[in-house]
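Observations on the three-dimensional arrangement
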Amino acid sequence: MARIVMDVSGLPTYAFGSRVTPWWGTFSFCLLEGTGFALGIGGYLYLAVTNDHWTKDAVPLNLVWSALFTLILVVSALPNFLIKRAAMRESLRSVRLLLLVMSSVGLVLIGLRIMEFSTLPVGWSDNAYGSFVWLLLGLHGVHVLTDVADTLVLAVLMFTRHGTGKRFSDAEDNAFYWYFVVFSWLPLYAVLYWLPRF
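Cut-offs used in this document
- Residues numbered from 1 in each chain as written.
- Predicted model: local features only at pLDDT ≥ 70, side-chain atom pairs only at ≥ 80, totals over all residues.
- Heavy atoms only, no water.
- Phe/Tyr/Trp six-rings, centres within 6.5 Å; stacked < 30°, edge-to-face > 60°.
- Helix = DSSP H or I, 4+ residues; strand = E, 2+ residues; numbered from the N terminus.
- Buried < 20%, exposed > 50% of the residue type's maximum accessible area, 1.4 Å probe, protein only.
- Axes fitted to C-alpha atoms, helices over the stretch in contact; angles between N-to-C directions.
- Parallel < 35°, antiparallel > 145°, perpendicular 65-115°, else oblique.
- Left-handed = near helix turned anticlockwise from the far one by under 90°.
- Contact = heavy atoms within 4.5 Å.
- Nonpolar A, V, L, I, M, F, W, Y, C, P; charged D, E, K, R; others polar.
- Salt bridge = Lys/Arg side-chain N within 4 Å of Asp/Glu carboxyl O.

**A closer look at the packing of aromatic side chains**
Evaluated as defined, the whole model comprises 17 aromatic pairs. Aromatic side chains Trp23 and Phe27 sit 5.3 Å apart centroid to centroid with 5° between the ring planes, which places their arrangement in the stacked category. Residue Trp23 and its partner Phe27 are both found in helix H1 (residues 21-50); the two are separated by four residues, about one turn of the helix. Here Phe27 falls in the partly exposed class, since its relative accessible area comes to 31%.

**Re the packing of helix H4 (residues 77-89) against helix H7 (residues 166-194)**
The interhelical angle for the contact between H4 and H7, taken along N-to-C directions, is 155°, at an axis separation of 8 Å. With respect to H7, the element H4 is oriented roughly antiparallel. Note on packing geometry: the crossing formed by H4 with H7 is left-handed. Here H4 contributes Ala77, Asn80, Phe81, Ile83, Lys84, Ala87 and Met88 to the contact with H7, which in turn contributes Phe168, Ala171, Glu172, Ala175, Trp178 and Tyr179. Classifying every residue of the contact of H4 with H7 by side-chain character gives ten nonpolar, one polar and two charged.

**A look at the side chain of Asn80**
With respect to the secondary-structure elements, Asn80 resides in helix H4. Asn80 has contacts with Met102, Ala175, Trp178 and Tyr179, leaving out every residue within four places of it along the chain.

**Quick notes on the pattern of salt bridges**
Working definition: two side chains of opposite charge can pair if their charged atoms are close together. In total, this model carries four salt bridges according to the counting rule given. Measuring nitrogen to oxygen at the nearest pair gives 3.3 Å for the salt bridge that ties Asp57 to Lys56. Take Lys56: its relative accessible area is 63%, and that puts it in the exposed class. Among the salt bridges present, the one from Lys166 reaches Asp170, with a minimum N-O distance of 2.8 Å. Placement of the pair is Lys166 and Asp170 together in helix H7, with a separation of four residues, close to one helical turn. What makes Lys166 partly exposed here is its relative accessible area of 42%. Residues joined in a network through salt bridges with shared partners are Lys166, Arg167 and Asp170.

What follows is the structure, given as structure tokens:
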């Protein structure tokens, strides 16, 4: 029997957004991790309502480092948006520059998170409140750290001969994940830093 062979050599080897499998993997990861954050916030709120000692234990956290962290994180959405746009245009120069900007922003955020941990008025083993504070800050800190590592690796790759084709799709995917890092922090910030003040 004769077999019909289709010539697919002219098809693109990469694409952007939901047309590629890695985007769906990142989207699924965001859903999974978002559920983890929601469960953590739910556990925090449950104990705040049912634990008699919670009011005494819930020492309001210092707003200085967290406010600076939040401000820089929210502002970082702009260069992140520009990376996504530049990647889809396959503008190598812009992507390189913006990846360096985002890498620097990420390193500053990691430094701020370390300062934040060093000034917490409650230890992770002091009580249930302290455990939840450290858990939720730590979880989000790990997300920042992993995305910054990914951004740094991607920035290095964009300055090599590998900075073509699929790497632009990777840059767009990296920008998509950073939005999750930004938006997942906002409810955590409200619950951890402002709720105990009311």
